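Residues per chain are reported as follows:
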Number of protein chains: 2
Amino acid sequence: VRFGIQVVEKRVVGDSEEAVAAALADLLRRVDLVVLTGGLGPTADDVTREAVAAATGRELREAPEVLEWIRARYADLGREMPRVCRQMALVVTGSRPLLNSRGSAPGLLLEVEDRLVVALPGVPWEMETMLTEQVAPVLAERWPGSGRMARTLVLGGVMESVVEGRVRHLYDRFGRDRATILGSPGLVRLVLAGEGGQDLDRMETAFREVLGADVAGVDVGGLEEVVLGRLRGRGQTLATAESCTGGLVSAGLTAVAGASEVFVGGVVSYSNAIKERLLGVPRATLEACGAVSEEVARTMAAGARERLQADWGVAITGIAGPGGGTAEKPVGLVHWAVAGPGDVAHRQAVFGGGRDAVRRWSVNSVLDLLRRELEGEG
Amino acid sequence: VRFGIQVVEKRVVGDSEEAVAAALADLLRRVDLVVLTGGLGPTADDVTREAVAAATGRELREAPEVLEWIRARYADLGREMPRVCRQMALVVTGSRPLLNSRGSAPGLLLEVEDRLVVALPGVPWEMETMLTEQVAPVLAERWPGSGRMARTLVLGGVMESVVEGRVRHLYDRFGRDRATILGSPGLVRLVLAGEGGQDLDRMETAFREVLGADVAGVDVGGLEEVVLGRLRGRGQTLATAESCTGGLVSAGLTAVAGASEVFVGGVVSYSNAIKERLLGVPRATLEACGAVSEEVARTMAAGARERLQADWGVAITGIAGPGGGTAEKPVGLVHWAVAGPGDVAHRQAVFGGGRDAVRRWSVNSVLDLLRRELEGEG
């Protein structure tokens, strides 16, 4: 919705010059802007340059200054440019090459009558950087003043269908196409679209009235950002103890740049021996209650907090499946706990959806419990 | 390529009944099979049922047996069915509902003259399960005996452009459209397409001759599967010590079902205090060499192996960025090490591409070093 551009279609076509050229020609008849990604690299299946030339009736020629730039990129890495990379210096006549600050494949920007074609590399971080740094300014200049904006409410520990039921009446009030709900395991995103800041403020207020404390944050990537931000604000630290999630909580936290100010580390205690040795879970507790139990989750959280010397410790133990379930403790049973300066909070649930979904539900559930504990403490 | 079905196009269109219906009508003019995913849930933006009915000139009616089945799914979870879920019981006339063993949204299968339309939920594991269990048998029956098959060689610790240069001459020999190369940080996939097993064997042999020990495995999801498989075969165990990857190695290993036979656990030692306390890295080494150094990587790997009592220990320490780099130790510098029954192997590199790419390169690099150590030992 930025720049007032409405995305009407995404297409994925094969690595064939004909297929890409046909899709591009078709779309140029219907839309003002086509962004292609991928197919700009050095390999034989990289055909985007050829396809753009074919679809727009232009030619390809090698640009010496682009070739020189590609060689320099490889030289920076202490490597010689492989010969196959030469094709990356081919430029569609009339286009502007877009140099790539995070890789070696250049993009291109081409005006076709009153339409615009942009081609960017498929590598996500290269594409994103070039989009932000080089393409966005062009779009802002071309379509100025269009103000449709979006705001995303992130909700933790809730199911999509439950949220939907609670906010459905607000769709009628604000218009069905102005709110989109996106569910993932343990996390729901509500994307609100408005004509400007005030309009969005009104919508946010109305949705927050209904959703209350389930709203974890606004315009954040995930619960990781929310809890890291709150802990940073308090000058407190966090440690993790993970069993069935096997490091997913810590991997998610450390995906956020600057996490090291808050996150000191964690223990992935897949075996009982490690729960005992590194986290101090008593063998008697493991034997009496089993590894997947409230008692073990609580002791793991407290153990992470003490042994890793952090202000807060979070812990997860569960049965992600597909094997390992029993009648009493089925696949999907997860216990999670948060140990802080006060006491230890605990929750449990039986999650469905298979190993990956159980693990993702567990990650968001423990982060959301930590968030609520931090809010409750005020 | 299974069932001889060639995927000619993927399209993503907005959550609008008109857009989905228009795309479906267009595709039904050109292809034999259209698979739609998503838009089958309980929310107001789930419009696939309506769009299929509109595009094929059919009606929607509530099917009591489907409604009953949805209620039962919620009852299994100990919940009452939210009212919004009632729309999931709407069935396109003439279609066959596909019940969903991993969620509550049914799919549908509809014959339109000699074309086939399949709609599946967008949740990946629900979609995959239904595709395998319910749709694949229908396709196999409809298009029997078509034998085009694929085989994927997975290569570790190599760059896409380097692999491309080495195998390019084989494209000429076997045909340009029979090999597709897919690069990701630290991992390259070469997908070979052939007319049957013998044909694929010939291609695999030719590619292996060129690629040698860089081929880590065939038809595997990633290096995690490869190393877990080899260690399981030897009855050996593995522990991890991660700094800049923050648990990504252990999260990847434990994403594989049954990892617990091999993987005992790990330490995410984001702070120096934890490197010292839990992994036994001497403070003097940390002070003399810095946390990102060959010495610390080696000591972390050996520490993980000893403290977590495993046969093998792997370790990563590096600067993922964006901050934290110096002239001597730039952003992207990573040291990784593998400690086994013999000595400790170590490698280092400066990876580009930003925080996420540096972390992914690091994960695949340490897993690939472990794989090569396991092969070297025979």
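All of these numbers come straight from a predicted model, not from anything done at the bench. (Residues numbered from 1 in each chain as written. Chains lettered and ligands numbered in written order. Predicted model: local features only at pLDDT ≥ 70, side-chain atom pairs only at ≥ 80, totals over all residues. Heavy atoms only, no water.)

### Remarks on the overall build of chain A
Rule in force here: Labels follow the DSSP assignment, with helices taken as runs of H or I lasting at least four residues and strands as runs of E lasting at least two, numbered in each case from the N terminus. Only protein chains enter the area calculation, which uses a 1.4 Å probe; residues under 20% of their type maximum are buried, those over 50% are exposed, and those in between are partly exposed. Between two residues, a contact is recorded if the distance between any of their heavy atoms is within 4.5 Å.
For chain A, the count of helices and strands is 12 helices and 16 strands. Principal-axis analysis of the C-alpha atoms places the extent of chain A at approximately 75 × 55 × 45 Å. Split into buried and exposed, the 378 residues of chain A put 53% on the buried side. Sequence separation of 24 or more characterises 64% of the internal contacts of chain A that already satisfy a separation of 6 or more.

### Looking at the packing of aromatic side chains
Residues and elements named next belong to chain A. Spelled out, the test is: Only the six-membered ring of Trp is used, alongside the rings of Phe and Tyr, when aromatic pairs are assigned; centres must lie within 6.5 Å, and planes under 30 degrees apart are stacked while those over 60 apart are edge-to-face, with the rest tilted.
Across all of its chains, the model carries 8 aromatic pairs over all chains by this definition. Taken together, a centroid distance of 6.2 Å and an interplanar angle of 25° make the contact between F174 and F207 stacked. Here F174 is found in helix α5 (residues 160-174), whereas its partner F207 is found in helix α6 (residues 197-211), with 33 residues between them in sequence. For F174, a relative accessible area of 13% puts it in the buried group. Assessed through its relative accessible area of 0%, F207 is described here as buried. Relative to F351, the ring of W336 has its centre 5.7 Å away and its plane inclined at 20°; by these criteria the two rings are stacked. Note that W336 is positioned in strand β15 (residues 333-339) and F351 in the loop between β16 (344-350) and α12 (355-377), a separation of 15 residues in sequence. We classify W336 as buried; its relative accessible area is 8%. On the basis of relative accessible area, F351 is assigned to the buried category, the value being 12%. Grouping aromatic residues by their ring pairs yields a cluster made of W336, F351 and W361.

### Regarding the interface of chain A and chain B
Which entries qualify depends on this criterion: Put simply, buried area is the surface a 1.4 Å probe can reach on two separate parts but cannot reach once they are joined, added for both. Any Lys or Arg side-chain nitrogen located within 4 Å of an Asp or Glu carboxyl oxygen qualifies as a salt bridge. Pairs of N or O atoms are called polar contacts if they sit within 3.5 Å, as long as, within protein, a hydrogen donor faces a hydrogen acceptor (for residues adjacent in sequence, only side-chain-to-side-chain pairs). Ten residues, namely Ala, Val, Leu, Ile, Met, Phe, Trp, Tyr, Cys and Pro, are considered nonpolar, four, namely Asp, Glu, Lys and Arg, are considered charged, and the remaining ones, Gly among them, are considered polar. Note: two strands are recorded as paired if DSSP finds a minimum of 2 bridges between them.
Counting from both sides, the interface comprises 66 residues of chain A and, opposite them, 66 residues of chain B. Between chain A and chain B the total buried area reaches about 5000 Å² when both faces are included, carbon and sulfur atoms providing 57% of it. Summed over the shared surface of chain A and chain B, the number is 2 salt bridges. A salt bridge links A:E9 to B:R11; its shortest N-O distance comes to 3.5 Å. The tally of links from chain A across to chain B stands at 35 residue pairs in polar contact (both at pLDDT 80 or more). Put simply, the parts of the chain that give the side of chain A that touches chain B at least two residues each are β1 (9-13), α5, β9 (179-184), α8 (248-254), β13 (263-268), α9 (272-279) and α12 of chain A. In terms of residue class, the side of chain A that touches chain B is built from 30 nonpolar, 20 polar and 16 charged. Relative to strand β13 (residues 263-268) of chain B, β13(A) is paired through 3 bridges, and the arrangement is antiparallel. Opposite A:V268, over in β13(B), you have B:G266 as the bridge partner.

### Focus: helix α1 (residues 17-30) of chain A
We count it as follows: Here the expected span of a helix is defined as 1.5 Å times the quantity of residues minus one.
Taking 1.5 Å per residue as the helical rise, α1(A) with its 14 residues ought to reach 20 Å, and the 20 Å between its terminal C-alpha atoms agrees with that figure. Packing partners of the buried residues in α1(A) comprise β1, β2 (33-37), α2 (48-56), β6 (107-112) and β7 (115-120) of chain A.

### Topic: the relation of the copies chain A and chain B
The two chain copies are related to each other by a rotation about an axis together with a translation along it. Just so we agree on the cut-off: Only residues with pLDDT of at least 70 in both copies count here: their C-alpha atoms drive the least-squares fit that superposes the copies.
Superposing chain A onto chain B takes a rotation of 180° combined with a translation of 0.0 Å along the rotation axis, leaving an RMSD of 0.2 Å. The superposition operator between the copies reduces to a two-fold rotation axis. When you check the interface residues of chain A against chain B, 100% turn up at the interface there too, and the contact is symmetric in its surfaces.

### What to know about the side chain of B:R11
Here B:R11 shows up in strand β1 (residues 9-13). Of the polar contacts made by the side chain of B:R11, one reaches the side chain of A:E9; its length is 3.5 Å. A polar atom in the side chain of B:R11 sits 2.7 Å from the side chain of B:D26.

### Overview of the sheet that holds β16(A)
Two pairing modes exist for strands in a sheet, parallel and antiparallel, and in both the strands are linked by backbone hydrogen bonds. The condition is simple: Only the stretch in contact is used when fitting a helix axis, every axis being a line fitted to C-alpha atoms; angles between N-to-C directions are given from 0 to 180 degrees.
With respect to topology, 10 strands assemble into an open sheet ordered β16(A)-β15(A)-β14(A)-β12(A)-β13(A)-β13(B)-β12(B)-β14(B)-β15(B)-β16(B), the strand pairing being mixed. Either end of the sheet is taken by a strand with one partner, and the two such strands are β16 of chain A together with β16 (344-350) of chain B. Direction aside, the axes of adjacent strands within the sheet are offset by 10° on average. In this fold α9(A) packs onto β12 (238-242), β13 and β14 (312-318) of chain A together with β13 of chain B, with an angle of close to 140° to the strand it touches most, β13(A). Along the sheet face, helix α11 (residues 294-307) of chain B touches β12 (238-242), β14 (312-318), β15 (333-339) and β16 of chain B and points at about 145° away from the line of β14(B).

### Side note on the packing of helix α1 (residues 17-28) of chain B against helix α2 (residues 48-56) of chain B
All names here are of chain B. Basically, it comes down to this: Any angle that is under 35 degrees is reported as roughly parallel, and any over 145 degrees as roughly antiparallel; angles of 65 to 115 degrees are reported as roughly perpendicular and all others as oblique. Two helices cross in a left-handed way if the nearer one is turned anticlockwise from the farther one by less than a right angle. They cross in a right-handed way if the turn is clockwise.
Running from amino to carboxyl end, α1 crosses α2 at an angle of 45°, the nearest separation of the two axes being 8 Å. It follows from the interaxial angle that α1 and α2 lie oblique. The element α1 and its partner α2 pack so that their crossing is right-handed. Each of E17, V20, A21, L24, A25 and L28 in α1 lies in contact with α2, whose residues at this interface are E50, A51, V52, A54, A55 and T56. Along the lines of polarity and charge, the residues of the contact of α1 with α2 split into 9 nonpolar, 1 polar and 2 charged.

### Re the sheet that holds β7(A)
All names here are of chain A. Within the open sheet, the 4 strands sit side by side as β2-β7-β6-β5. Their pairing is mixed. The sheet is open, and its two borders are formed by β2 and β5 (96-98), each paired with just one other strand. Each neighbouring strand pair of the sheet contributes to a mean axis angle of 20°, computed without reference to strand direction. Its contacts with the sheet place helix α4 (residues 124-142) against β2, β5, β6 and β7, and it is angled at close to 170° to β7.

### Some points on empty space enclosed by the protein
To keep it simple, the criterion reads: Points on a 1 Å grid over protein atoms alone make up a cavity when a 1.4 Å probe fits among them but cannot get out, and a pocket when they form an open set with protein on both sides within 12 Å along at least five of seven lines; lining residues each have an atom within 4 Å of a point. Grid points are joined across faces, edges and corners, and a volume is the space filled by probe spheres set on the points.
For the structure shown, the criterion picks out 2 cavities of 30 Å³ or more. Taken as a whole, the largest cavity holds about 90 Å³ of empty space. A:L40, A:R49, A:V66, A:M88, A:L90, A:V91, A:V92, A:S95, A:P97, A:P106, A:G107 and A:L108 are the residues that line the largest cavity. When contributions to the lining of the largest cavity are tallied by element, the ones reaching two or more residues are β4 (90-92) and β6 of chain A. When residues in the lining of the largest cavity are grouped by element, the largest group, 3 residues, is from β4(A). Class assignment of the residues belonging to the lining of the largest cavity gives a composition of 9 nonpolar, 2 polar and 1 charged. In this structure, the second largest cavity occupies an estimated 80 Å³ of space. Forming the walls of the second largest cavity are B:L40, B:R49, B:V66, B:M88, B:L90, B:V91, B:V92, B:S95, B:P97, B:P106, B:G107 and B:L108. Among the elements of the structure, β4 (90-92) and β6 (107-112) of chain B are those that each provide at least two residues to the lining of the second largest cavity. Here the lining of the second largest cavity gets 3 residues from one element, more than from any other, and that element is β4(B).

### Some remarks on the environment of B:R208
Residues and elements named next belong to chain B. Within the secondary structure, R208 is located in helix α6 (residues 197-211). R208 gets classed as partly exposed once you look at its relative accessible area, which sits at 33%. Once the C-alpha coordinates of R208 and G340 are considered, the two residues, 132 residues apart in sequence, prove to be 27 Å apart.

### Details of the layout of surface pockets
Considered as a void within the structure, the second largest pocket measures approximately 1200 Å³ in volume. Lining the second largest pocket are 36 residues; nearest its centre among them are A:L248, A:R360, B:L248, B:A251 and B:R360. The leading source of residues in the lining of the second largest pocket is helix α12 (residues 355-377) of chain B, at 6 residues. Classifying every residue of the lining of the second largest pocket gives 14 nonpolar, 10 polar and 12 charged.

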